[in-house]
Amino acid sequence: SPSQDKATSAAGITTAASPAQVDSNIQTEVLDQCAALHSSIMPLNDQWRGPLAKHSDRGTSLPFVFLVGNHSSGKSSFVNYVLGRKVQTAGVAPTDDSFTVIAPGPEDTDQDGPALIGDPDMGFSNLRQFGPTLIHHTQLKVRSGINNGNFMMVDSPGMIDSPVSSGGFSGQTNTTDRGYDFQGVVRWFAERADVVLLFFDPDKPGTTGETLSILLHSLGGMDHKLLIVLNKADQFEKIHDFARAYGSLCWNLSKVIPRKDLPRIYTMCLPVKGGDTAQKEIMQGLADLHQTRDDVVAEVMKAPKRRIDNVITHLNDSVHLLMMHALISEDVRKRYSKVVWDHRTQEVGTAVAGGGLAALSLYAGIPTEFSFGVFCVTVLGAGGLRWHNSIQLTEAEPQLL
């Protein structure tokens, strides 16, 4: 029945009921087994000096949704809408310069960055690598009575070009703007997130260079969990304005997405209390905008289910990456050993041949001076051959590696 197909929260959010929900016991069992399997390959990774990062087998305590985008693109408002209560401060100007982790809990509490990153159970400890500035621009908000009871949401600072960083798609990290590697931090969160939302707004439809640079350098290869959102579409006064903004966004995205076909752009809007849209020409499209918003919310609510898929995919990729590293390492070791043994064979052969010739000369009654000369030549030849082989081996090492 329709009542079974849809579930409406207290905040008015409509989501699919059964497909998006995963039994917590099954989810915990699957995640624990994947974590145990991943931990079992880490000693082999250490033995082979493999490519897997330290503690890569440890994820965050809960699945999470990561939001990134321009300032004033509606990220904080969307967070509040999904949670069903006001948690983030929203405004036209940039209102927050921190990465905010919002987690469900029995009561409302706040923690600063050092407490959050210092808690090994939360799974954000590896953020220490980005330095103390980032640590002090990270915070945790635990809230009760929110709709996301089994996943977290991470809100990021709004992106805006400064005079120092404007116009750059080069990927060069400029730490003078924020004091830390912003692209690297976004990449870190996005790799571990289960859903990534990239927000644009009508005023800046893809014209912020930092946003496009993040899409190119930090979100590359994450198409399977990346949703591009053009928010606040209800602010257009005329359909022509919407067409210009949408076309501008597509044009800018085509510069950083190396594909002929662009990914879907979720065009949506959030409910505005007291909003008067009766005179807007785009009013007939509001129903479609609301439906798209429900689609985005449904994807957000699938974060726990996506966590299972992402963990299994991560385990599969880690195993194949380590296997490839082991095969390449074994091949290099065999080729290196072959070169070394070929050189040793030459050196031993030279020494045996020279020694045999010296012994034969003594046995044949040839003067001792000749035998001694053969012995000296043999020693010098073997030593010179060893020196020559060592130089060749040193030159061959970069090619083998």
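Remember, it's a predicted structure, so these values are computed and weren't measured experimentally. (Residues numbered from 1 in each chain as written. Predicted model: local features only at pLDDT ≥ 70, side-chain atom pairs only at ≥ 80, totals over all residues. Heavy atoms only, no water.)

Draft legend 1. Focus on helix α10 (residues 303-363). End to end, α10 covers 87 Å across 61 residues, agreeing with the expected 90 Å (1.5 Å per residue, within 8%). Note on α10: the residue one or two positions beyond its end, glycine 365, has a positive phi of about 80°. (Helix = DSSP H or I, 4+ residues; strand = E, 2+ residues; numbered from the N terminus. Expected span 1.5 Å × (residues − 1).)

Draft legend 2. Molecular detail of the packing of aromatic side chains. With the rule as written, the count across this model stands at 13 aromatic pairs. For the ring pair phenylalanine 66 and phenylalanine 99, a centre distance of 6.5 Å and an interplane angle of 20° mean the geometry is stacked. Of this pair, phenylalanine 66 sits in strand β3 (residues 64-69) while phenylalanine 99 sits in strand β4 (residues 99-104), placing them 33 residues apart in sequence. According to the relative accessible area criterion, phenylalanine 99 is buried, its value standing at 0%. A ring pair is formed by phenylalanine 66 and phenylalanine 189, whose centres lie 5.4 Å apart and whose planes are at 15°; its orientation type is stacked. (Phe/Tyr/Trp six-rings, centres within 6.5 Å; stacked < 30°, edge-to-face > 60°. Buried < 20%, exposed > 50% of the residue type's maximum accessible area, 1.4 Å probe, protein only.)

Draft legend 3. The arrangement of the sheet that holds strand β8 (residues 195-200) in detail. Taken in spatial order, the eight strands make up an open sheet running β5-β6-β4-β7-β3-β8-β9-β10, and their pairing is mixed. In this open sheet, the two strands that pair with only one neighbour each are β5 (109-112) and β10 (265-267). When strand polarity is set aside, the average angle formed by the axes of neighbouring strands in this sheet is 20°. (Pairing = 2+ DSSP bridges. Axes fitted to C-alpha atoms, helices over the stretch in contact; angles between N-to-C directions.)

Draft legend 4. Expanded view of the nonpolar core. Residues Phe66, Phe99, Phe124, Phe189, Leu219 and Leu253 are the most contacted members of the largest nonpolar core, which totals 44 residues. Ranked by residue count, the leading element in this core is helix α6 (residues 182-192), at six residues. If you look at the next biggest cluster of nonpolar residues, it comprises 25 residues, including Val82, Ile102, Met153 and Val195. (Core = buried A, V, L, I, M, F, W, Y, C linked by side-chain atoms within 4.5 Å.)

Draft legend 5. Expanded view of the pattern of salt bridges. Overall, the coordinates contain twelve salt bridges when judged by the stated rule. Ionic contacts of the salt-bridge type, sharing partners, join the residues Arg187, Glu191 and Arg192 into one network. (Salt bridge = Lys/Arg side-chain N within 4 Å of Asp/Glu carboxyl O.)

Draft legend 6. Local environment of the pairing of β3. Counting buried positions along β3 yields six of six residues, so the element is predominantly enclosed. Burial along β3 is two-sided: the residues Phe64, Phe66 and Val68 and Val65, Leu67 and Gly69 are all buried. Note: β3 against strand β7 (residues 152-155), four bridges, orientation parallel. The residue of β7 that forms the bridge with leucine 67 is aspartate 155.

Draft legend 7. Seen up close, the environment of tyrosine 180. Along the polypeptide, tyrosine 180 turns up in the loop between β7 and α6. Residue class for tyrosine 180 comes out buried when judged on its relative accessible area of 3%. With 43 residues separating them in the primary sequence, tyrosine 180 and histidine 137 have C-alpha atoms 9.8 Å apart.

Draft legend 8. Representation of the side chain of serine 76 within the structure. Secondary-structure assignment places serine 76 in helix α3 (residues 75-83). Among the residues examined, serine 76 registers a relative accessible area of 12% and is labelled buried. Ignoring sequence-local partners within four residues, the contact set of serine 76 consists of Gln88, Thr89, Ala90 and Asp155. (Contact = heavy atoms within 4.5 Å.)

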